[in-house]
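Take a look at the letters that make up each chain.
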Amino acid sequence: MDKLLYDAVVLGGGLAGLMSAHEIASAGYRVAVISKVFPTRSHSSSAEGGIAAYVKGNSDPNDNPDYMTYDTVKGGDYLVDQDAAELLSQKSGEIVEIMERWGTLFNRQPDGRVALRYFGGQTYPRTRFVGDKTGMALLHTLFERVSGLSVDFFNEWFALDLVLDEKRVAGVLAMEMKSMEPSLFKAKAVVLATGGMGMLYAHTTNAYINTGDGYAMALRAGAALKDPEFVQFHPTALYPSDILISEAARGEGGILRNNKGERFMARYAPKKLDLAPRDIASRSIIIEIREGRGFPGNYVGLDLTHLGESYIKERLALAYEAAMNFAGVDATKEPIPVRPAQHYYMGGVDVDITGTNGDLQGLFAAGEAACVSVHGANRLGSNSLLETLVFGRETGRTVVEYLRTHNESTSTTLEGEAEKLLEQAYSFVKSESGIHFGEIQNKLRQVMWDDVGIFRNEDLLKSGLSEVEKMRTQVKEMYVTDKSKVYNTEFFNALELRNMMDLAVVISKAALVRTESRGAHFRTDYPERDDKNWLKHTIAYLKGNQVEIGYKPVTLTRWQPEARVY
Amino acid sequence: MVQEQSNLEQTEVVIKVKRYNQEKGEYWSEYKLSVDRFTQMTEVLRRVKTEQDPTIAYRASCHMAVCGSCAMKINGEPRLACKTLALDMVKKYGSNQITVEPMDFFKVEKDLIVDMDDFYARMFTVKPRLYPSEEVLKGNAESRLRPEDQKELWKFAQCIWCGLCVSSCPAVRIDSKFLGPAAHAKGYRFLADPRDTIYDERLKILGDSAWRCTYCYQCFNVCPRDVEPVTTIKKTRAQTRFLKDKTEVVKTGEKHVRAIYESIRDTGKLEEAKVYLTTYGLATAITDMLYTMRNGKMSFALIKEKKVSEIAQIQKLMGEKE
């Protein structure tokens, strides 16, 4: 097995990973970015509506970072660590200005300054945007910037597992997808910036590559996930292909309507209406559909027609284009058919405000892979792009500090460890016949959608958990039919399924245990938020077949829990 | 729970995929499946891989035409699979059989996966990043951008590195010094950015290459983001007049454009023989003339053009002083 030596390895080439790599490389350390796709193909490219920021001198005159923190805390149903949310708000303006300097072509006000728009759950408009392709614009800018530094990119390399030296991360085992050759990347620090896990759900706005690899790698190495039960569903995914119709559509004035033409959000969020946060809007849509006020096929309408053709085509180009290309609907003339779909994962690798994991020395995480936690039980729109950059940078800086103060592992058994992990990966698909990954994957996605979805209860979750546990045993019968030695994507899909199964069992268990409703976690058998018993983070470990659940307090600074009404 | 519907009308299609691997070489595989009017070709491939044949290899990520992973040929057309609905292909070609092949030009690694290294190398040649002034970088100066500049640049900044334009470009195949359409779009996006500080260096990288494009408009036709790489090449050519140390290709190109301009200004018509002579000079023209005579096409070169009657009108449109 080849051995490569770095100071730090970043897994993932999206916004969080690139920002971390930027900081580490700028401090003069040797950093490798390993990504299973070419970096501009990361899921960050799909983010549409914008990035929230309070920019001094260029925000609503009434706004300030405290309002931004408050909105984030309230939006997250008080499961947010408030020190983290404060940091996010305070650094937001600076981050947007940096990206602007590096060349992001933000939409402008007539005077040449960066423009802003409203997003759900915001007291004042503070979302900065590039049409509705903000994620793509930011990702390209950052990739272009980092590709000019001395960062080594390992594109289309699949990371299998973290390599440990006792309770310390000492490297990563990864495989070049083209040659199928494994390599051991030795490094003092590893940053997990592997993004989300939408492929666990039958309906998702996520890219095909979002299979939760980082969460599962952390779990297998013995690190905890924080708040794994919190899965966000976006209210407006295009029917039926689940392509995201950005929240910007509602931010710009789009109206949700049922089959009677009613603006039904007036029933559920009388003040905020269509700009209610995502969990509330998602549940409202499902209730409308269940009570017979949806359209045949089970969707509702997102009406933009009153905004006018030129406005729609300039500010909501992607929404217009997607509706036209994938549903045959002209959004300037009729409502876009939408329904909720999985969108974002609030849970993630347990890290503190610096991006450091407490279980394994040398392990860091940022972006959707991490749970800092700034999103709590429900993320506000345009906070995820912000989080990737702010905490990508914070984490990168933490890693630099760590590299300065820590020595390399002197373990002589790392190669042996890596060989063992490779062996495990192969043994996972060692059967000579039986099922292949696709059969189980499709079933898993349906079970998660039906039983661990938007509305949950004890019966559903119990049956979901037992199904998932069964499937997790079943995958040991799995085999890879393809024997090719170049881009054997079937092998990598099988390893992705291993990751999905490890994560699915943790999500289902944590959701079953939390007997309250908070943010995106909605239990019909416990419809109220229960601060007395549940104002705390779930901390979940995976030990063999057992999910071990513990708790951590939520950091409160200035905002005491109050009823969450919009 | 709300059960999602599959009450959409289903149509059976046959997908023929061109396969390749080192062990078996090239071969075709056929799959039958039912699709509805919304089924994207990426979803067709995903279903084939998870339900029928796990060995098939392809790239796909965002399935909403912003990541550029799923570039391939569908019924012979260079397209993004996600931006292609299966039944649109059935309708367009009047057949339930859809062929899927890897992109042209690039080396095939396995099935639909091609080697993109050459493509990326071209992109990095043009220094694809903004070089703002030190003052701006340090945050001591603010760089405002007019909304109209933002709009113009954003059009060309939307290249998603998919490679479709390069795969369909005839010029990159025969001219190794031509950077290709995507690199030109990327390069121009920074060349035209008023906040960039390395204009001369960029013009030097792009100038010679810009005059090697043949204006076939394939890149314009296939770009899934309507970036119009050929437009950026035209706009770059217009700037090579600022170029120091022009190469022969640039000089010839500029002479050619000048000759066309003068011909139209003087006669209102394109006098091909005269334009040719002015562009390439007498020596080359005589060599080529012998070749033309041997092919029996000399008579076409000798047509004498008469001035059009509304020449004054044309000159006015061209901005010549009356």
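- An unreviewed UniProt entry lists chain B under the name succinate dehydrogenase, with Metallosphaera hakonensis JCM 8857 = DSM 7519 as the source organism.
- Its UniProt record, at the heading Sequence similarities (unreviewed entry), says of chain B: "Belongs to the succinate dehydrogenase/fumarate reductase iron-sulfur protein family."

- For chain A, an unreviewed UniProt entry supplies the name succinate dehydrogenase and the organism Metallosphaera hakonensis JCM 8857 = DSM 7519.
- Note on chain A: under the UniProt heading Subcellular location (unreviewed entry), the record states "Membrane".

**Points about the overall build of chain B**
Step number 1: Of regular secondary structure, chain B possesses 15 helices and seven strands.
Step number 2: Taken over C-alpha atoms, the radius of gyration comes to 25 Å for chain B, far larger than the 20 Å a tight globule of 322 residues would show.
Step number 3: For chain B, buried positions account for 51% of its 322 residues.
Step number 4: Sequence-distant contacts, at least 24 apart, represent 63% of the contacts inside chain B between residues at least 6 apart.
Step number 5: Per element, the accessible surface of chain B, about 15800 Å² overall, is 52% carbon and sulfur.

**Quick look at the domain arrangement of chain B**
Residues and elements named next belong to chain B.
Step number 1: For chain B, the assigned domains are domain 1 (10–113), domain 2 (117–241) and domain 3 (249–317).
Step number 2: Here the C-alpha centroids of domain 2 and domain 3 sit 31 Å apart.
Step number 3: At the interface, six residues of domain 2 touch five residues of domain 3.
Step number 4: Carbon and sulfur atoms supply 75% of the area that domain 2 and domain 3 bury against each other, a total of about 460 Å² over both sides.
Step number 5: Ranking the residues of domain 2 by area buried against domain 3 places Asp-208, Trp-211 and Thr-240 at the top, with a combined share of 82%.
Step number 6: Across the contact surface, domain 2 and domain 3 share zero salt bridges.
Step number 7: Here domain 2 is connected to domain 3 by two residue pairs in polar contact (both at pLDDT 80 or more).

**Digging into unusual backbone geometry**
Residue and element names in this part refer to chain A.
Step number 1: The linkage connecting Tyr-239 with the following residue, Pro-240, adopts the cis geometry, with an omega of -5°.
Step number 2: With respect to the secondary-structure elements, Pro-240 resides in the loop between strand 12 (231–238) and helix 6 (248–251).
Step number 3: The omega torsion across Val-372 and Ser-373 is 5°, close enough to zero to call that bond cis.
Step number 4: With respect to the secondary-structure elements, Ser-373 resides in the loop between strand 18 (370–371) and helix 11 (384–405).
Step number 5: Backbone geometry places Glu-156, a non-glycine residue, at a positive phi of 60°.
Step number 6: Its place among the elements puts Glu-156 in the loop between strand 6 (152–155) and strand 7 (157–165).

**Some words on the interface of chain A and chain B**
Step number 1: Tallying the contact residues gives 75 residues for chain A and 71 residues for chain B.
Step number 2: Approximately 6200 Å² of surface area, both sides summed, lies buried where chain A meets chain B, with 56% of it carried by carbon and sulfur atoms.
Step number 3: Broken down residue by residue, the surface that chain A buries against chain B is led by Arg-41, Leu-105 and Tyr-208 of chain A, which jointly contribute 14%.
Step number 4: Across the pair Glu-321 of chain A and Arg-225 of chain B runs a salt bridge, and its minimum N-O distance is 2.9 Å.
Step number 5: If you look at where chain A meets chain B, you find 27 residue pairs in polar contact (both at pLDDT 80 or more).
Step number 6: Put simply, the parts of the chain that give the side of chain A that touches chain B at least two residues each are helix 3 (82–101), helix 4 (134–146), helix 8 (278–290), helix 10 (317–327), helix 13 (437–451) and helix 15 (489–513) of chain A.
Step number 7: Sort the elements by how many residues they give to the side of chain A that touches chain B and helix 13 of chain A lands first, with nine residues.
Step number 8: Residues belonging to the side of chain A that touches chain B are distributed by class as follows: 26 nonpolar, 27 polar and 22 charged.

**Some words on the domain arrangement of chain A**
Size of an interface, as often reported, equals the accessible area lost when the parts are brought together.
Residues and elements named next belong to chain A.
Step number 1: According to the domain assignment, chain A consists of domain 1 (237–342) and domain 2 (413–526 + 535–553).
Step number 2: The distance between the C-alpha centroids of domain 1 and domain 2 comes to 32 Å.
Step number 3: Across the contact, eight residues belong to domain 1 and six residues belong to domain 2.
Step number 4: Of the roughly 590 Å² buried where domain 1 meets domain 2, counting both sides, 76% is carbon and sulfur surface.
Step number 5: With five residues, the single largest contributor to the side of domain 1 that touches domain 2 is helix 8.

**Description of the confidence of the model for chain B**
Residue and element names in this part refer to chain B.
Step number 1: Taken as a whole, chain B shows an average pLDDT of 91; of its residues, 97% reach a score of 70 or greater.
Step number 2: Segment residues 1–5: pLDDT under 50, and 18 contacts once partners within four positions in sequence are set aside and those in other chains are kept.
Step number 3: ipTM for the predicted complex: 0.95, alongside a pTM of 0.95.

**Digging into the environment of Asn-75 of chain B**
Residue and element names in this part refer to chain B.
Step number 1: Among the structural elements, Asn-75 can be located in the loop between strand 3 (71–74) and strand 4 (77–80).
Step number 2: A relative accessible area of 15% places Asn-75 in the buried class.
Step number 3: Sequence spacing of Asn-75 and Tyr-199 is 124 residues, and the spatial spacing of their C-alpha atoms is 42 Å.
Step number 4: Not counting the four nearest positions on each side in its chain, Asn-75 is found in contact with Met-89, Tyr-93, Gln-97, Ile-98 and Thr-99.

**Side note on empty space enclosed by the protein**
Step number 1: As enumerated under the stated definition, the model contains 12 cavities of 30 Å³ or more in all.
Step number 2: In this structure, the second largest cavity is lined by 27 residues; those nearest its centre are Ile-209, Asn-493 and Glu-496 of chain A together with Tyr-58 and Ala-60 of chain B.
Step number 3: With four residues, helix 15 of chain A is the largest single contributor of residues to the lining of the second largest cavity.
Step number 4: Tallied by class, residues from the lining of the second largest cavity come to 13 nonpolar, seven polar and seven charged.

The rules behind these values
- Residues numbered from 1 in each chain as written.
- Chains lettered and ligands numbered in written order.
- Predicted model: local features only at pLDDT ≥ 70, side-chain atom pairs only at ≥ 80, totals over all residues.
- Heavy atoms only, no water.
- UniProt positions renumbered as here; feature names shortened; annotations may be inferred.
- Helix = DSSP H or I, 4+ residues; strand = E, 2+ residues; numbered from the N terminus.
- Rg over C-alpha atoms; globule rule 2.2 N^0.38 Å.
- Buried < 20%, exposed > 50% of the residue type's maximum accessible area, 1.4 Å probe, protein only.
- Contact = heavy atoms within 4.5 Å.
- Areas by Shrake-Rupley, 256 points an atom, 1.4 Å probe, with all protein chains shown as cover.
- Domains from an automatic or database assignment.
- Buried area = accessible area lost by both parts, 1.4 Å probe.
- Salt bridge = Lys/Arg side-chain N within 4 Å of Asp/Glu carboxyl O.
- Polar contact = N/O pair within 3.5 Å; in protein donor to acceptor, adjacent residues only side chain to side chain.
- Nonpolar A, V, L, I, M, F, W, Y, C, P; charged D, E, K, R; others polar.
- pLDDT = per-residue confidence, 0-100.
- 1 Å grid on protein atoms, 1.4 Å probe; cavity = no way out; pocket = protein on both sides within 12 Å on 5 of 7 lines; lining within 4 Å.
- Points joined across faces, edges and corners; volume = space filled by probe spheres on them.

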